[in-house]
Number of protein chains: 2
Amino acid sequence: MTAEMLARRARLMGPNVPTFYEDPVHLVRAEGVWLWDADGRRYLDCYNNVPHVGHCHPKVVEAIARQSATLNTHTRYLHDGVLDYTERLTAKFSHDLRQMIMVCTGSEANDIALRMAQAVTGKTGFIATDNTYHGNTSAVSQLSTRRPPIGGYPDHVRLVPAPDTVRPVGGKLENQPDAFAENVARAIAELDANGHGFAGFMLCPTFANEGFPALSPGFLDPTVEVIRKAGGLILCDEVQPGFGRIGAEWWGHDWLGFAPDVVTLGKPMANGHPVAAVVTRPDVMAAFREAFGYFNTFGGNPVSCAAALATLDVLEDENLIQNARDVGAYALDRLQRIDHPLKAEARGLGLFFGIEFVRPDGTPAGPFTAAVVEGMRQEGILLNRIGRHMNTLKMRPPMPFGRDHVDLAMDTLEAILARTPYDT
Amino acid sequence: MTAEMLARRARLMGPNVPTFYEDPVHLVRAEGVWLWDADGRRYLDCYNNVPHVGHCHPKVVEAIARQSATLNTHTRYLHDGVLDYTERLTAKFSHDLRQMIMVCTGSEANDIALRMAQAVTGKTGFIATDNTYHGNTSAVSQLSTRRPPIGGYPDHVRLVPAPDTVRPVGGKLENQPDAFAENVARAIAELDANGHGFAGFMLCPTFANEGFPALSPGFLDPTVEVIRKAGGLILCDEVQPGFGRIGAEWWGHDWLGFAPDVVTLGKPMANGHPVAAVVTRPDVMAAFREAFGYFNTFGGNPVSCAAALATLDVLEDENLIQNARDVGAYALDRLQRIDHPLKAEARGLGLFFGIEFVRPDGTPAGPFTAAVVEGMRQEGILLNRIGRHMNTLKMRPPMPFGRDHVDLAMDTLEAILARTPYDT
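Residues numbered from 1 in each chain as written. Chains lettered and ligands numbered in written order. Predicted model: local features only at pLDDT ≥ 70, side-chain atom pairs only at ≥ 80, totals over all residues. Heavy atoms only, no water.

**Structural notes on the relation of the copies chain A and chain B**
Where we set the bar: Least squares is the method used to superpose the copies, on C-alpha atoms of residues holding a pLDDT of at least 70 in both. Contacts are residue-level and defined by heavy atoms, with any inter-residue pair within 4.5 Å sufficient.
Of the transformation placing chain A onto chain B, the axial shift is 0.0 Å and the rotation is 180 degrees, giving an RMSD of 0.0 Å. Given the turn and translation reported, the copies of this chain are related as if by a two-fold rotation axis. If distances are taken from each C-alpha of chain A to the rotation axis, the shortest is found for A65(A), at 2.5 Å. Taken together, the interface assignments show that 99% of the residues at the interface of chain A recur at the interface of chain B, consistent with an identical surface on both copies.

Structure, rendered in structure tokens:
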């Protein structure tokens, strides 16, 4: 069955189409934090952030069904949906971030964010970290190192070393905030020198794809000072930390403690319905909208807005941000208690947590981590790995994840760790 | 009410957000070819191509509701939906176009198409017509003249004069196919000369945004010869003509009679659910997928595929392509019978038809056409205008449009034409 499906995928979708696991899971059903495969086997979902308030949440499903049966059209006509949702969501932001464009994917959102920085600054140079992912359009793929762009990195993009709490930028943890900022300053000088000038720095405030290093609030302060001085914009990609994932706050930038100029949102926004957005200040929005007649046919349609609004309702009604904080702290505590010779660091923030594994000789234990991911899948727990060396277990479950789910995941993890050879 | 909503839009969405009509319609409900506003007033939809098989078609709504309640995840796990739909849809194509990438918007699809041409040719230069629209990402906005890109047109883009049957390229209708091809050849030579080289020509096979000129099959033959000789790709944007809109065939390129290398699909694909796709040959797909690890979180998810599959089912079960041919011919016949001093040309193909208005002195009658659009809206008929001078009425209704709907639209149009001053 799996072999046949993989053959059909190759025939219909072409080569090099990514899958999880060598023997990928064939899913047919999901509910809450659980997934079922075609053989009726149940998996605990410790990985998927798109079904934010739980797979197939009945209130979101009902909202989608009801609005799909009523009206689905674009925003060149008037409709309450896009206004009600925008009003509800922008109220969660500070820093005068109170206008929004709704689109369909995080990639579209980040693609707009880049152009907002261009419109405001008149410059074309961008900075990102050297171990990140911001999306798949031509423009944003040039700021993504996890899948290098077609044609290579262009001259207007500069990549700075990603923060890391096991191998910190600048050598020592206490030097990292300044060392990171110095690299940004150097990149800005290069963009000034090569004629592009500095338009903006696109970053995830928890550096999730970089390996979610255990940073503290204030980490970015020296960098923000450098960016402000240079007149560039901070483009904050909240696709992963946003919507309360980190438990501490609604948004990563509020936790880290800085004021972005543009915030982009995606994956979890409507629990799986293709909805994403750009939130910004009125001055930035005006600069963009007056420079470019942006319109997105599907963006902000009534069904998308109903799905996003229902997701927001569930997030609040079920106190899921508080849950992410409590259950995340419980999970981190269990991770920290794990005693294993390859464990370099257990870290996490809310419902985004994991362990980085390093071999006794100091080299990253990527293959070992891969074996653990595979072992967990065999035991019915879905998670993944991340980081520059892919040696960090990444757990990022739906937000209704409970302590019982943590216990099941951690008990299983301990068993897998105990039986996975260290030298894998 | 409308004033209040427009004020909320300005406050929440910023300036320069496009709307239809100075007094935009506030829609609340839709069914088939009908829309209702907040006051209960009914409008005949002669414009919207997104609700392809009719607004809120119960079979599509049911498919979305059912799959949303069952499973919605990305394609890194295996699922039948994306395979079943891809198999069904690619079977509608010739020219070895048998592999597909599913994405969320036509803009994302066209953004991929550009990179496919780059991956195959190793070149970076593109051609489009000088009166078109292919999407809103940074890259495809550079091939769109209806909303010029931020930063202006880059050096790797060349725009050729759009075909036109009232003011033909090359002066005379019979010269237009060769004159169009000569301009393409000149653009290719410029791209070769400036170092970019020629990667591809992106075009809509019915030149819909250009004003859907009344071309004949074979029009593009001289151009295709030029492109083939230069080694570039033909990127065929079927967002508007595709899925049987033109009545004659499933796809515009099959009607015009040429073999594209890449076809992109969008708006009507899933009746309003954000679904789009790129269809291409295995050699082109392999070149792209091996050069870039493309992945789209929402693209090809089970709900999108269920919506697209249901749309395809309805299209076939209700014989809507045959309907587009029959009713489109009837509509064109009625348009051709209209006697009006400003009428320069009545034209159409399937359920995409209209009239171009020109003043007695030969200047395009844009303001007159705008007044007709506004008059129709006051009488409860929604349509629009298009073309370089915005002097062509554009009617492009949902596919279940019937002869009775044509009669209502045409009777109303005749009345509006009779009472709209010629010198508007």
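**Section: the interface of chain A and chain B**
The criterion, for reference: Reported buried area values correspond to the accessible surface (1.4 Å probe) lost by two parts on association, with both partners' losses combined. The working definition used for a salt bridge is a side-chain nitrogen of Lys or Arg within 4 Å of a carboxyl oxygen of Asp or Glu. Helix numbering and strand numbering both begin at the N terminus, where a helix is a DSSP run of H or I of at least 4 residues and a strand a DSSP run of E of at least 2. Ten residue types, Ala, Val, Leu, Ile, Met, Phe, Trp, Tyr, Cys and Pro, are classed as nonpolar, four, Asp, Glu, Lys and Arg, as charged, and the remainder, Gly among them, as polar.
Contacts between the two partners involve 93 residues from chain A, matched on the other side by 92 residues from chain B. Summed over both partners, the interface of chain A with chain B comes to about 8,500 Å²; 59% of that surface belongs to carbon and sulfur atoms. When residues of chain A are sorted by the area they lose upon contact with chain B, Y77(A), L78(A) and I150(A) head the list and together hold 11% of the total. Applying the counting rule to chain A against chain B returns six salt bridges. One salt bridge in this structure joins R8(A) and D84(B), with 2.9 Å as the shortest N-O distance. Sorting the residues of the side of chain A that touches chain B by element identifies α1 (2–13), β1 (27–31), α2 (58–68), α3 (80–90), β4 (99–103), α4 (106–121), α5 (138–141) and α9 (282–291) of chain A as the ones contributing at least two each. Counting residues per element, the side of chain A that touches chain B draws most heavily on α1(A), which supplies nine residues. Within the side of chain A that touches chain B, the residues separate by chemical class into 47 nonpolar, 30 polar and 16 charged.

**Things to note about the packing of helix α4 (residues 106–121) of chain B against helix α9 (residues 282–291) of chain B**
Residues and elements named next belong to chain B. Operational definition: Helix axes are fitted to C-alpha atoms over the stretch in contact, other axes to C-alpha atoms as well, and angles between N-to-C directions run from 0 to 180 degrees. Each angle gets one of four labels, with under 35 degrees taken as roughly parallel, over 145 as roughly antiparallel, 65 to 115 as roughly perpendicular, and the rest as oblique.
Where α4 contacts α9, the axes come no closer than 8 Å and their chain directions differ by 95 degrees. With respect to their mutual orientation, α4 and α9 come out roughly perpendicular. Note on element contacts: α9 touches α4 through V284, M285, A287, F288 and A291, opposite I112, R115, M116, A119 and V120. Residues belonging to the contact of α4 with α9 are distributed by class as follows: nine nonpolar, no polar and one charged.

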